[in-house]
Amino acid sequence: MFTTLCAAIEVRLRTLLSPAVRDRGEGPVPHIVLVAIMGLAAAAIAFAVWEIATDWVAQVPTEAPDAPGGGGGGGGGGGGGN
């Protein structure tokens, strides 16, 4: 029974370590590492966009400029002097 178990382990290890099987599946960088790198990149891009948007909104004026046209008062058609 021990010999059968050792033979089964040997066959399994030989199968897993063969170049044909080793090339399948995950590459040299595991999937979770790639997902973590993409998540960090997405967070960095979101932070950069947030900062750019905050700076852009800070440049928007809060008061309207004075109306063009010089003096003369309130415009509009006030009644004539009849």
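### Let's talk about the overall build of the protein
Okay, so step 1: Each helix and strand counted, the protein has three helices and zero strands in total.
Okay, so step 2: Each helix (α) and strand (β) of the protein, taken in turn from the N terminus, gives the series α-α-α.
Okay, so step 3: Each of the 82 residues in the protein was classed as buried or not, and the buried ones make up 0%.

### Here we look at a nonpolar patch on the surface
Okay, so step 1: Taken together, Val29, Ile32, Val33, Leu34, Val35, Ile37 and Met38 make up a surface patch of nonpolar side chains, about 620 Å² in accessible area.
Okay, so step 2: When you line up the elements, Val33 lands in helix α3 (residues 31-58).
Okay, so step 3: What makes Val33 partly exposed here is its relative accessible area of 35%.

### Observations regarding the confidence of the model for the protein
Okay, so step 1: With 68% of its residues at a pLDDT of at least 70, the protein reaches an overall mean of 78.
Okay, so step 2: Per-residue pLDDT, averaged within each element of the protein, yields its smallest value for helix α2 (residues 19-22) (62) and its largest for α3 (95).

Conventions we followed
- Residues numbered from 1 in each chain as written.
- Predicted model: local features only at pLDDT ≥ 70, side-chain atom pairs only at ≥ 80, totals over all residues.
- Heavy atoms only, no water.
- Helix = DSSP H or I, 4+ residues; strand = E, 2+ residues; numbered from the N terminus.
- Buried < 20%, exposed > 50% of the residue type's maximum accessible area, 1.4 Å probe, protein only.
- Patch = residues over 30% accessible without salt bridge, like charges linked within 9 Å, V, L, I, M, F, W, Y side chains within 5 Å.
- Areas by Shrake-Rupley, 256 points an atom, 1.4 Å probe, with all protein chains shown as cover.
- Salt bridge = Lys/Arg side-chain N within 4 Å of Asp/Glu carboxyl O.
- pLDDT = per-residue confidence, 0-100.

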